[in-house]
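The primary structure of each chain is shown beneath.
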Amino acid sequence: MANQRQQLEQWTTVVADTGDMEMIAALAPCDATTNPSLLLAAARDSRYQPLLTQARSLATEMGRGHDLTWCSDAYACLAGQAVLEHVPGLVSTEVDARLSFDTRATVERARRLMALYRELDVDPDRILIKIAATWEGIEAARILEEEGTRCNLTLVFSLAQALAAAEAGTTLISPFVGRIQDWHVKRGLDIQHIDDDPGVQSVCGIFRTLKARGLETIVMGASFRNADQIRALAGCDRLTISPALLETLAADENPLTQVLDAADVEPDEDWTPISEAGFRWAMNQDPMANDLLSDGIRRFAADQVALETLLSEEERAA
């Protein structure tokens, strides 16, 4: 009998949530996604130290060898290039989280990332630019998508974020599961059954709403704490899963049931696009989404700073 990972792949594209190239090669997912935290972990791994040196060289070739933001972007693109050697599909590369509230700066940094990928002869169609789902980030994605650069809106914790991103024409969104669960559990929620998991409920609601409205944005569930959360979202367009949980699924040969199916969703033709005011009000009224979006941006920004510090130390040691 097929294991649960194989069964899941009948309905859902599996994405590896790791920056470890050897692990990606071993797991053989369709796509992979990175973020500043994963890239920082890889940069601290002795196996990937050469990428830091290569990043400084690439930034120097672009005339920006002493600019740490250029070096970190070069490192992210080199890591993305390495990941693409092990997956047949796409890799997501994230814009500096410190630009999350600046549309123009986000667009410019995304263009820089794509320029670096072109310098590395990487097919731009295999890249998703990853941006935090603030209103400013969503507007940046609208511009980039119109230019032909596909985007992944991350740190999605609410339907308002998902709708605004989808209505902006974003290729893919990453609604988080585990962090939503964590937020509620810390405040006393006792989850007795997986269907009561607020993170699972959030992604199910986002999936069904986007499909009902005919919005083509890919829904990719992310941030899982256990395999049950993944099983409860079988059929979601994509799921980005850690190596440990992929191994858990591969070791389980029990039958898996498809939970989400766009064909089962009733069309909703009577809806109004969300405005900036509507988006900001919805976020204001949602303490969980507000808290987690802010926290996620702070965490990614801190890891970005740590990565730049590592690159600076590498330069001084050279």
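Preceding this section is the structure that the text describes.
Residues numbered from 1 in each chain as written. Predicted model: local features only at pLDDT ≥ 70, side-chain atom pairs only at ≥ 80, totals over all residues. Heavy atoms only, no water.

### Examining helix 4 (residues 49–61)
Now for step 1: When the terminal C-alpha atoms of helix 4 are compared, their 19 Å separation across 13 residues agrees well with the 18 Å that a helix rising 1.5 Å per residue should span.
Now for step 2: For helix 4, the complete set of buried residues consists of Leu 51, Leu 52, Ala 55, Arg 56, Leu 58 and Ala 59. Buried residues of helix 4, viewed axially, fall in a sector of 165 degrees; they line one side.
Now for step 3: Where helix 4 terminates, the next one or two residues include Gly 63, which has phi positive at roughly 80 degrees. (Helix = DSSP H or I, 4+ residues; strand = E, 2+ residues; numbered from the N terminus. Expected span 1.5 Å × (residues − 1). Buried < 20%, exposed > 50% of the residue type's maximum accessible area, 1.4 Å probe, protein only. Arc of directions from axis to C-beta.)

### Regarding the pairing of strand 1 (residues 13–17)
Now for step 1: Where strand 1 and strand 8 (residues 238–241) come together, four bridges link them in parallel fashion. Each bridged residue has a counterpart across the sheet, and for Val 15 the counterpart in strand 8 is Thr 240.
Now for step 2: Two elements, strand 1 and strand 2 (residues 31–33), share three bridges in a ladder whose sense is parallel. Note that in strand 2 the partner of Val 15 across the bridge is Asp 31. (Pairing = 2+ DSSP bridges.)

### Examining the environment of Ala 277
Now for step 1: As for its placement among the helices and strands, Ala 277 is situated in helix 13 (residues 276–284).
Now for step 2: It is 9.9 Å that separates the C-alpha atoms of Ala 277 and Trp 135, two residues lying 142 residues apart in sequence.

### Some thoughts on the packing of aromatic side chains
Now for step 1: The final tally for this structure, using the stated rule, is two aromatic pairs.
Now for step 2: Pairing Trp 135 with Phe 279 gives two aromatic rings, centres 5.3 Å apart and planes at 50 degrees, and the pair type is tilted. Linking Trp 135 in helix 7 (residues 135–147) with Phe 279 in helix 13, this pair joins segments that are 144 residues apart in sequence. Judged on exposure class, the residue Trp 135 and its partner Phe 279 are both buried.
Now for step 3: Ring centres 5.3 Å apart and planes at 65 degrees place the aromatic pair Phe 157 and Phe 176 in the edge-to-face group. Placement of Phe 157 in the loop between strand 5 (151–156) and helix 8 (159–167) and of Phe 176 in the loop between strand 6 (172–175) and helix 9 (178–186) is noted, with a sequence separation of 19 residues between them.
Now for step 4: Judged by relative accessible area, which is 1%, Phe 157 ranks as buried.
Now for step 5: Overall, Phe 176 belongs to the buried group, its relative accessible area being 7%.
Now for step 6: Sitting over the ring of Trp 183, Arg 187 keeps its end group 3.9 Å from the ring centre. (Phe/Tyr/Trp six-rings, centres within 6.5 Å; stacked < 30°, edge-to-face > 60°. Lys NZ or Arg CZ within 6 Å of the ring centre and 35° of its normal.)

### Examining unusual backbone geometry
Note: most residues except glycine have negative phi, and most peptide bonds are trans.
Now for step 1: Residues other than glycine seldom take positive phi values, yet Leu 155 does so here, at roughly 55 degrees.
Now for step 2: Structurally, the position occupied by Leu 155 is in strand 5.
Now for step 3: Using a relative accessible area of 0% as the deciding quantity, one classes Leu 155 as buried.

No statement about biological role is implied by the geometric values presented.
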